[in-house]
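Chains, contacts and geometry: an overview
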Amino acid sequence: MATEKKEFKTEVQQLLDLVIHSLYSNKDIFLRELISNSSDAIDRLRFKALSDKDLIKDDPEFRIKLFVDNEAKTLRIEDNGIGMTRDELETNIGTIARSGTRQFMEELKKGKTADNPELIGQFGVGFYSAFMVADKVTLKTRPAGSDESWTWESSGDGSYELSDGGRDKRGTEITLHLNEENRDYIVEFRLRQIVKKYSDFVEYPVVMDITRDDTPLDDEGKPKEGAEKKVTITEETLNSMKAIWMRPKSEVKKEEYSEFYKHVSHDYTDPLKTIHYSAEGKIEFKALLYLPAKAPFDMFQQEGTKHGIHLYVKRIFIMDNCEALLPRYLRFVKGVVESNDLPLNVSREILQEDAIIKQIEKSVTTKILSELKTMMKKSEEDYLSFYREFGKVLKEGIEVDQANKDKIKELLLFESSKTEPGKYVSLKEYTERMVLDQKEIYYITGTSRAAVENSPHLEVFKKKEIEVLFMIEPVDEFILAGFGEYDGKKLKSIAQGDIDLGSEEEKKLADEQKKEVSGKYKKLIKKVQDSLKEDVKEVRLSDRLTDSASCLVTDEGDMNPQMERIFAAMNQPVPETKRILELNPSHPVIETMNELFTANKKDPKIADYSELLYDQALLTEGIAVKNPARFAQLISDLMVQAK
Ligand code: ADP
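The following refers to the structure shown. Note that the structure is a prediction, hence the values are computed from the model and not measured. (Residues numbered from 1 in each chain as written. Predicted model: local features only at pLDDT ≥ 70, side-chain atom pairs only at ≥ 80, totals over all residues. Heavy atoms only, no water.)

On to helix H16 (residues 504–531), then. Of all the bends in H16, the greatest, near 60°, is centred on Tyr521. Looking at H16, one finds that the buried residues are Lys507, Tyr521, Leu524, Ile525 and Val528. On its buried face, H16 sits against strand S21 (536–541), strand S23 (579–583), helix H18 (588–599) and helix H19 (604–620). (Bend = angle between axes of the 7 residues up to and from the residue. Helix = DSSP H or I, 4+ residues; strand = E, 2+ residues; numbered from the N terminus. Buried < 20%, exposed > 50% of the residue type's maximum accessible area, 1.4 Å probe, protein only. Contact = heavy atoms within 4.5 Å.)

What follows is the structure in structure tokens.
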């Protein structure tokens, strides 16, 4: 039998080191992980066998069996599931196939896991947790319907050995050579306890040979003299196998929900919320759904969310991560849906088009949104913690789910010019505290709170105490395009187009004043515009500035710089858009320029100062100036003159 020695991929070794040395205070969970893997492997075979009965005819009773060897100090977990081919063994056990892993490992190395051990669970390190209790692990596997088998062995020290042969029945067996401190995992009582606690709901029997010694004993507890030794070995099932979602809600304990969550989601933390219900009526199904407490590291990667919703039909597992059951913007939800109305032989492709699945999706979506609404009203803390983790994903719904758009709007939260950093306001609260005569919902977009908070665009709003929402997530730009109205009020960017503040009377007064100053500065404005014609679309006097001398605004219908950046990051063509430079008529700089201009229409300082006003406007938005050396030169010149 040829044996090959292979190195683990670097990230696997790093992960192993973490698992072995620092991660879990609760070592018992290694058994839960291995039993979950076995149960998944049987699920997959059972589904495959629906269309190919021969696969299981040699051994039709699915089960997971634990064996202990008191002499060798080993614990073996064996299943008659689907097994693994050599390729599968190498990709599943020798590498971590998820994208983003390398980057994530970097984060781990920076020490973030010390406070956040649950992060690691997002990987599905399940199998590797065996190394917490064993100093050598031997895995033997034989794929169903195949006559090849493979033996894999490793001491978790950088390499593993792979050889052919080793198992004559289908399925996988994993032998743990228990290390010194963890020898008690061969004690029957402990195993029984752990299975009951963590894997009670596993659908297949988890069995074990239980040895009973009924030899008659004397008063001192020793075998009676001359009595025959009477030892019986019986196979016992350690778990109740009750599908938790089929049980009445009132009978399921919180811990049971929690353990089941960990089983389906391969997450290590308790869920934030459990939603368990049965839908009755035209379409009947049972759903046990969970909102996780933490977002996975790869939530924004296309291939992320491996363990989403499991679909069962008539008590049979059909598939995990059934995307058709949930819209993408709810992809963080985990759990199980079981329906008796679907045929057993459904495939992913068929599901996407299936009318019943569409109905279930609709109902599940409505349920989740309404639970979120209740949570928002009744348990604010929980909702905030949910929103911080998943708000960004939920927002995508505004763009894609027309039918539920209004409900999603109600669930959104934003920071604003009237909230402290990290605190939020909902649209409802915003509209309730709108000032008299305010007709629109104002917002500003930008890359961070710091960037928007000091924006000159906000000046007049601060002065008039009008609240402005801060849209500072990249996704905000996308949802704004199709957002529409909220409660009959339009959303309006304070950095785009004209703004229309104040009562009719105030506006009339402002218009009169504006007319006066526009007359005064008309020629200067024209001059500034000529000297900046390469860079800006128009120069005009501003209504929104109180302290700053200038700012840039995007014309109605044009693309703003944040959006341009997003497009550029996605390698999309970005149309060239010039913006409008607004000048503050009550700023002394404008008056000074006007004086210079009146004295000498050709004064070169006008062009220099125009350039500086433009550069300042860029800088306040965090955008680099076109020619920094020249900018520095102009500023130095001014400083010299100011002596
Ligand atoms: P996860 O279960 O989260 O994917 P694991 O590291 O526990 O992560 O397992 C990696 C993969 O190895 C599994 O997804 C599965 O494909 C395969 N695997 C693990 N255990 C078994 C088993 N008992 N039978 C068949 N395949 C298995």
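More follows now that the structure is in view.
It is worth spelling out the packing of helix H10 (residues 380–400) against helix H15 (residues 474–481) at this point. Following both chains from N to C, one finds H10 and H15 inclined at 20°, their axes separated by 8 Å at the closest point. Comparing their axes, H15 and H10 come out roughly parallel. When you trace H10 past H15, the crossing you get is left-handed. Between H10 and H15, the residues in contact are Lys392, Lys395, Glu396, Ile398 and Glu399 and Val475, Asp476, Phe478 and Ile479, respectively. (Axes fitted to C-alpha atoms, helices over the stretch in contact; angles between N-to-C directions. Parallel < 35°, antiparallel > 145°, perpendicular 65-115°, else oblique. Left-handed = near helix turned anticlockwise from the far one by under 90°.)

Counting 76 residues, the largest nonpolar core has Leu289, Leu311, Val337, Tyr383, Leu394 and Phe461 as the members making the most contacts within it. Both of domain 2 (248–390) and domain 3 (412–493) provide at least three residues apiece to this core. When near neighbours in sequence (up to four residues on either side) are disregarded, Leu311 contacts Ile316, Phe317, Ile318, Met319, Cys322, Leu325, Val337, Leu342, Leu351 and Ile357. (Core = buried A, V, L, I, M, F, W, Y, C linked by side-chain atoms within 4.5 Å. Domains from an automatic or database assignment.)

The next thing to look at is the side chain of His457. Structurally, His457 can be placed in the loop between helix H13 (449–453) and helix H14 (459–463). Reaching out from His457, the side chain makes a polar contact with the backbone oxygen of Leu552 at a distance of 2.5 Å. With residues up to four places along the chain from it excluded, the contact list for His457 reads Ile444, Ile494, Ala495, Arg544, Cys551, Leu552, Val553 and Glu621. (Polar contact = N/O pair within 3.5 Å; in protein donor to acceptor, adjacent residues only side chain to side chain.)

For the rest of this paragraph, the subject is a negative patch on the surface. On the surface, a cluster of negative charge is contributed by Asp87, Glu88, Asp147 and Glu148. Turning to its location among the elements, Asp87 is positioned in helix H3 (residues 86–94). (Patch = residues over 30% accessible without salt bridge, like charges linked within 9 Å, V, L, I, M, F, W, Y side chains within 5 Å. Areas by Shrake-Rupley, 256 points an atom, 1.4 Å probe, with all protein chains shown as cover. Salt bridge = Lys/Arg side-chain N within 4 Å of Asp/Glu carboxyl O. Lys, Arg positive; Asp, Glu negative; His and termini not counted. Charge placed at Lys NZ, Arg CZ, Asp CG, Glu CD.)

With mixed pairing, the three strands of this open sheet are ordered in space as S21-S23-S22. Every interior strand has two partners, whereas the edge strands, S21 and strand S22 (550–553), have only one. The sheet shows a mean angle of 25° between the axes of neighbouring strands, taken without regard to direction. In the packing of H19 onto the sheet, the strands contacted are S21, S22 and S23, and the crossing angle to S22 comes to about 65°. (Pairing = 2+ DSSP bridges.)

Glancing now at H18. Its twelve residues place the ends of H18 17 Å apart at the C-alpha level, agreeing with the 16 Å of an ideal helix rising 1.5 Å per residue. By the burial criterion, the buried members of H18 are Ile590, Met593, Asn594 and Phe597. Taken end-on, H18 shows its buried residues confined to a sector of 100°, consistent with a single buried face. Counted as exposed and oriented over 90 degrees from the buried face of H18: Pro588 and Ala599. On the buried face of H18, the contacting elements are H16, S23 and H19. (Expected span 1.5 Å × (residues − 1). Arc of directions from axis to C-beta.)

This paragraph deals with the side chain of Thr172. Among the structural elements, Thr172 can be located in strand S7 (residues 171–178). Among the residues examined, Thr172 registers a relative accessible area of 7% and is labelled buried. Of the polar contacts made by the side chain of Thr172, one reaches the side chain of Thr141; its length is 2.9 Å. Contact partners of Thr172, with chain neighbours within four places excluded, come to Ile77, Glu78, Asp79, Gly83, Met84, Leu139, Lys140, Thr141 and Arg167.

Our focus in this paragraph is the pattern of salt bridges. A full pass over the atoms with the stated rule returns 52 salt bridges. Here Glu188 makes a salt bridge to Arg192, at a shortest N to O gap of 3.5 Å. Of the two residues, Glu188 and Arg192 both sit in helix H6 (residues 188–199), four residues apart, roughly one turn of that helix. Taking relative accessible area as the criterion, Glu188 reaches 28% and is therefore assigned partly exposed. Its relative accessible area of 28% is what places Arg192 among the partly exposed residues. Taking the shortest distance from any N to any O, the salt bridge between Lys537 and Asp555 comes out at 3.0 Å. Of the two residues, Lys537 sits in strand S21 while Asp555 sits in the loop between S22 and helix H17 (561–569), which places them 18 residues apart along the sequence. Connected via shared salt-bridge partners are Arg63, Arg76, Glu78, Arg167, Lys169 and Glu173.

Before going further, it helps to spend a moment on the packing of aromatic side chains. If you walk through the whole model with that rule in mind, you get 18 aromatic pairs. Judged by centre distance (5.0 Å) and plane angle (90°), the ring pair of Phe201 and Phe260 falls under edge-to-face. Residue Phe201 is located in the loop between H6 and strand S8 (206–213), and its partner Phe260 is located in helix H7 (residues 254–265); the two are separated by 59 residues in the primary sequence. Residue Phe260 is classed as buried on the basis of its relative accessible area, which comes to 3%. Aromatic pair Phe332 and Phe386: ring centres 5.5 Å apart, planes at 65°, arrangement edge-to-face. Of the two residues, Phe332 sits in the loop between strand S13 (316–319) and strand S14 (334–339) while Phe386 sits in helix H10, which places them 54 residues apart along the sequence. A single burial state applies to Phe332 and to Phe386, both of which are buried. Positioned above the aromatic ring of Phe483, the side-chain terminus of Lys409 is 4.7 Å from the ring centre. (Phe/Tyr/Trp six-rings, centres within 6.5 Å; stacked < 30°, edge-to-face > 60°. Lys NZ or Arg CZ within 6 Å of the ring centre and 35° of its normal.)

Let us look at the sheet that holds strand S18 (residues 469–471). One open sheet holds the six strands; their spatial order is S16-S15-S18-S17-S20-S19, and the pairing between them is mixed. Since the sheet does not close on itself, it has two edges, and those belong to strand S16 (425–426) and strand S19 (485–486), each with one partner. Pairing of S19 with strand S20 (residues 489–493), which is carried by two bridges, proceeds in the antiparallel orientation. For Glu485, the partnering residue across the bridge sits in S20 and is Lys490. Packing of H15 onto the sheet brings it into contact with strand S15 (413–416), strand S17 (441–445), S18 and S20, and relative to S17 it is tilted by some 140°.

A few words on the packing of helix H9 (residues 355–378) against H10. Close contact between H9 and H10 brings their axes to 8 Å; oriented N to C, the two are set at 135°. As judged from the angle between their axes, H9 and H10 are oblique. Like other packed secondary-structure pairs, H9 and H10 cross with a definite hand, here left-handed. Residues Leu369, Leu372, Met375, Met376 and Lys378 of H9 lie in contact with H10, whose contacting residues are Glu380, Asp382, Tyr383, Phe386 and Leu394.

What follows deals with a positive patch on the surface. There is a patch of like positive charges on the surface, built from Lys373, Lys377, Lys378 and Lys407. For Lys373, the location among the structural elements is in helix H9.

Moving on: the environment of Asp547. Looking at the secondary structure, you find Asp547 in the loop between S21 and S22. Assessed through its relative accessible area of 59%, Asp547 is described here as exposed. With 91 residues separating them in the primary sequence, Asp547 and Pro456 have C-alpha atoms 7.7 Å apart. Setting aside anything within four residues of it in sequence, one finds Asp547 in contact with Glu459, Asn584 and His587. A polar contact is formed between the side chain of Asp547 and the side chain of Thr546, at a distance of 3.5 Å.

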